[in-house]
Amino acid sequence: MSFITKSILITNIGQKQRWSTTASIIRTFSSHSQNDLYRSLIFEKAFIDGKFCQSENGEKFKVFNPSNGKLIGNVADCTVNDVKRAVQVAKKSFNDHWSQTLAKDRAQLLKRLFTLQLDNAEPLAQLITAEMGKPLRESRGEIMYGASFLEWFAEQARRIHGEILQSPWPDKRISYRKEPSGVVAIITPWNFPNAMVTRKLAAALAAGCTVVIKPPEDTPFSVLALAALSIKAGFPPGVINIVPVSRQNTQNIGSYICNNSDISVISFTGSTSVGKWLIKNSANTVKRVCLELGGDAPFIVFDSANIDKAVQGCIVSKFRNAGQTCVCANRIFVQDGIHDQFVNALAEQMQKELIIGDGFDDHTTIGPLINEKAVEKVISHVEDAQNKGAKILIGGRKHEKGGYFFQPTLMTNAKSDMLIAHEETFGPVAAVFRFKTEDEVIRIANDCRRGLAGYFYSQDYAQIERVTRRLEVGMIGINDGILSCCEAPFGGVKESGLGREGSHFGVDEFLDVKYVCHGGF
Ligand code: SIN
């Protein structure tokens with residue numbers, strides 16, 4: 001094991017290794033490791049009140065490895081009564097102690113969890129690869145990324161404060177303070193089984209909230225492993241609770257969460273349709289709903305771009321995690337003057353860098369999709385595009401390995417009447433649209449109800465300013481294809497969500513502002 005001052009961020013795709021500059025994360029790994037270390041971190045139970053437990057009725061559901069279809073384990077399938085108990089316990093812990101702990105004590109516990117995540121980084125990374133298939137080096141990057149939120153919010157815990165305001169009355173002092181909102185229900189996706197949890201969990205705990213987490217059906221073990229680490233870190237029972245739920249029971253539990261008035265906040269990452277459902281169903285209890293929803297990221301390459309850099313950025317943005325990220329490039333717009341040159345260079349690079357396989361294989365840069373439904377969606381997008389005139393240059397079909405493997409695909413002549421122009425593909429398909437003018441591409445890029453991330457490549461400074469201003473998205477990558485980090489606000493506009501995660505804004509989702517007017521002196 002070697003120690004360096006930089007860590008792998010998220011991706012192993014790209015000839016040049018991408019490094020984050022997070023100096024505080026100091027550990028990286030040799031490329032050789034025993035690939036079954038993750039088994040020691042498999043807990044097949046729910047986690048309520050500081051203990052692993054079966055579901056009330058003893059039911060379980062199965063979790064499979066998407067690379068080979070093998071069973072990883074059977075996990076407790078929680079009922080409404082289990083979730084009810086978890087919420088009661090979380091509420092009691094919130095009222096009895098957690099909301100009143102000193103910020104520096106919460107910070108200490110989060111720091112310990114951060115250290116434990118680093119100490120267990122290899123088995124945790126393997127667990128991600130086993131459960132969702134991403135290449136092991138990407139999983140290692142995710143563990144570092146996930147850890148960065150634990151460290152960041154440990155630091156932020158001590159910076160939550162109110163203000164004394166200028167009073168308009170001589171005999172009254174006015175101020176506001178920030179107080180933890182209460183019990184938070186956290187619902188996370190499978191595409192980043194660790195980091196999407198820590199980004200919410202660490203912020204909620206730093207704010208002084210207690211949590212009930214519903215992990216994704218496909219990757220519950222990565223979340224339950226954090227419970228084991230939280231015991232070691234010393235979190236009191238009841239502060240963190242985890243209730244795995246099978247796909248078939250999810251809607252029922254979701255509805256219970258929405259209608260439970262003991263839950264003050266729902267923090268969800270996932271599809272726009274489920275996000276809308278959560279807003280609608282929680283209207284009765286008027287709770288805060290923080291949403292990180294789908295994207296449809298435009299990736300624009302202008303004539304003035306550095307083509308090599310644009311190709312490299314496109315590869316990491318489009319193909320990391322097999323294209324299964326909310327911020328990945330979904331619509332690649334290339335200006336007329338460099339269109340052919342860019343497409344040829346992208347095709348060449350894809351053939352060089354994209355190697356499909358089991359995530360545990362050292363050479364793999366693209367793993368499988370998560371399940372059959374995901375494969376069907378990608379196929380439907382490719383077929384629809386082909387029927388409407390798109391030209392497939394590379395790939396376009398299920399990979400000969402079978403299962404959930406889909407060939408990295410490059411198509412040109414994409415048009416705005418295609419499904420791929422309006423829906424998130426969530427797969428390794430690069431669809432290239434040709435455009436002529438800046439006005440035209442801005443209009444098409446913004447002709448979309450989702451606005452999470454957007455990317456563009458240009459070396460024209462005036463254009464950079466204009467396009468930054470006009471793109472309707474929550475996050476912009478200029479001459480870069482990767483933008484996520486704990487320091488920056490992550491979130492979208494329009495139907496891509498509500499609120500921001502990470503950054504100093506991240507804790508605000510879990511705090512209430514209380515205005516105090518103190519008179520009579
Ligand atoms: C996501 O795909 O939801 C998150 C990706 C990221 O944090 O970069």
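In this text the structure is predicted, and so the values were computed from the model without any measurement. (Residues numbered from 1 in each chain as written. Predicted model: local features only at pLDDT ≥ 70, side-chain atom pairs only at ≥ 80, totals over all residues. Heavy atoms only, no water.)

Colleague: Is there a simple way to explain the overall build of the protein chain in this structure?
Modeller: Helix and strand content of the protein chain: 13 helices and 24 strands. Each principal axis of the C-alpha distribution contributes one length, and for the protein chain these read about 70 × 60 × 45 Å. Summing over all exposed atoms, the protein chain offers an accessible surface of approximately 20800 Å²; the carbon and sulfur share of this is 49%. Of the charged side chains in the protein chain, 60 are positive and 55 negative; the average position of the first set lies 4 Å away from that of the second. (Helix = DSSP H or I, 4+ residues; strand = E, 2+ residues; numbered from the N terminus. Areas by Shrake-Rupley, 256 points an atom, 1.4 Å probe, with all protein chains shown as cover. Lys, Arg positive; Asp, Glu negative; His and termini not counted. Charge placed at Lys NZ, Arg CZ, Asp CG, Glu CD.)

Colleague: For this particular structure, what's the right way to read the UniProt feature "domain: Aldehyde dehydrogenase" (unreviewed entry) in the protein chain?
Modeller: Those residues carrying the UniProt feature "domain: Aldehyde dehydrogenase" (unreviewed entry) are residues 54-516 in this numbering. With 39% helix and 21% strand, residues 54-516 has its two end C-alpha atoms placed 45 Å apart. (UniProt positions renumbered as here; feature names shortened; annotations may be inferred.)

Colleague: Is there a simple way to think about the side chain of Gln349 in this case?
Modeller: Mapped onto the elements of the fold, Gln349 is located in helix 10 (residues 339-353). At a separation of 2.7 Å, a polar atom in the side chain of Gln349 contacts the side chain of Glu353. (Polar contact = N/O pair within 3.5 Å; in protein donor to acceptor, adjacent residues only side chain to side chain.)

Colleague: Hey, could you run me through the pairing of strand 18 (residues 429-435) in this one?
Modeller: Along a regular strand, successive side chains alternate from one face of the sheet to the other. Extensive coverage of strand 18 is indicated by the burial of six of its seven residues. Alignment of strand 17 (residues 409-412) against strand 18, held across three bridges, turns out to be parallel. When the bridges of strand 18 are listed, Met411 appears paired with Ala431. (Buried < 20%, exposed > 50% of the residue type's maximum accessible area, 1.4 Å probe, protein only. Pairing = 2+ DSSP bridges.)

Colleague: Explain the packing of aromatic side chains to me, please; I cannot follow it from the model alone.
Modeller: Here the distance between the centres and the angle between the planes together describe a pair of aromatic rings. The final tally for this structure, using the stated rule, is 11 aromatic pairs. When the centroid spacing of 5.9 Å and the interplanar angle of 35 degrees are considered together, the rings of Phe299 and Tyr455 count as tilted. Pair noted here: Phe299 is in strand 14 (residues 297-301) and Tyr455 is in strand 20 (residues 453-457), with a separation of 156 residues, a long-range link. There is no split in this pair, since Phe299 and Tyr455 are both buried. (Phe/Tyr/Trp six-rings, centres within 6.5 Å; stacked < 30°, edge-to-face > 60°.)

Colleague: Could you clarify how one ought to interpret the sheet that holds strand 7 (residues 163-165) in this entry?
Modeller: Backbone-to-backbone hydrogen bonds pair the strands of a sheet. The strands run either parallel or antiparallel. What the three strands build is an open sheet, ordered 7-8-24; its pairing is antiparallel. Since the sheet does not close on itself, it has two edges, and those belong to strand 7 and strand 24 (511-518), each with one partner. For this sheet, the mean angle separating the axes of adjacent strands, direction not counted, is 25 degrees. In this sheet, strand 24 lies alongside strand 8 (residues 173-180) in antiparallel orientation, the contact comprising eight bridges. Looking across to strand 24, one finds that Arg173 is bridged to His518. (Axes fitted to C-alpha atoms, helices over the stretch in contact; angles between N-to-C directions.)

Colleague: Please clarify how the confidence of the model for the protein chain should be interpreted in this entry.
Modeller: Detailed reading of predicted coordinates is not advised where the pLDDT is low. Overall, the predicted model of the protein chain reaches an average pLDDT of 94, with 94% of residues at or above 70. Mean pLDDT in the protein chain bottoms out at strand 2 (residues 19-20), which sits at 34, and peaks at strand 10 (residues 210-214), which reaches 99. Note on residues 1-12: pLDDT under 50 across the span, and 51 contacts to partners over four residues away in sequence or across chains. Overall, residues 14-32 carries pLDDT values under 50, and its contacts beyond four positions in sequence, including any with other chains, amount to 56 contacts. (pLDDT = per-residue confidence, 0-100. Contact = heavy atoms within 4.5 Å.)

Colleague: Any chance you could explain the site of the ligand here in plain terms?
Modeller: For the ligand, the full set of nearby residues is Tyr145, Asn191, Phe192, Met196, Arg199, Arg320, Thr325, Cys326, Val327, Ser484 and Phe490. Arg320 is positioned with one of its side-chain polar atoms (N or O) 3.1 Å from an oxygen atom of the ligand. Contact with the protein chains hides 99% of the accessible area of the ligand, taken as 260 Å² for the molecule alone. The class makeup of the residues in the shell around the ligand is six nonpolar, three polar and two charged. (Near = heavy atom within 4 Å. Nonpolar A, V, L, I, M, F, W, Y, C, P; charged D, E, K, R; others polar.)

Colleague: I'm lost on the pairing of strand 21 (residues 475-478) in this one. Help?
Modeller: Of the two faces of strand 21, the one holding Met475 and Gly477 is buried and the one holding Ile476 and Ile478 is not buried anywhere. Pairing of strand 20 with strand 21, which is carried by four bridges, proceeds in the parallel orientation. The residue of strand 21 that forms the bridge with Ala453 is Met475. What joins strand 20 to strand 21 is helix 13 (residues 461-470), and the crossover it makes is right-handed. (Right-handed = clockwise from strand over helix to strand, strands pointing away.)

Colleague: Help me understand the pattern of salt bridges, please; the structure alone is not making it clear to me.
Modeller: Between side chains of opposite charge, a pair can form when the charged atoms approach closely. Per the counting criterion, the structure on display carries 22 salt bridges. In this structure, the salt-bridge partner of Lys514 is Glu179, at a minimum N-O distance of 3.0 Å. Of this pair, Lys514 sits in strand 24 while Glu179 sits in strand 8, and the two are 335 residues apart along the sequence. For Glu179, a relative accessible area of 26% translates into the label partly exposed. A salt bridge links Lys200 to Glu501; its shortest N-O distance comes to 2.6 Å. Taken together, the positions of Lys200 in helix 5 (residues 195-207) and Glu501 in the loop between strand 23 (497-498) and strand 24 put the pair 301 residues apart, joining distant regions of the chain. With a relative accessible area of 0%, Lys200 lands in the buried category. (Salt bridge = Lys/Arg side-chain N within 4 Å of Asp/Glu carboxyl O.)

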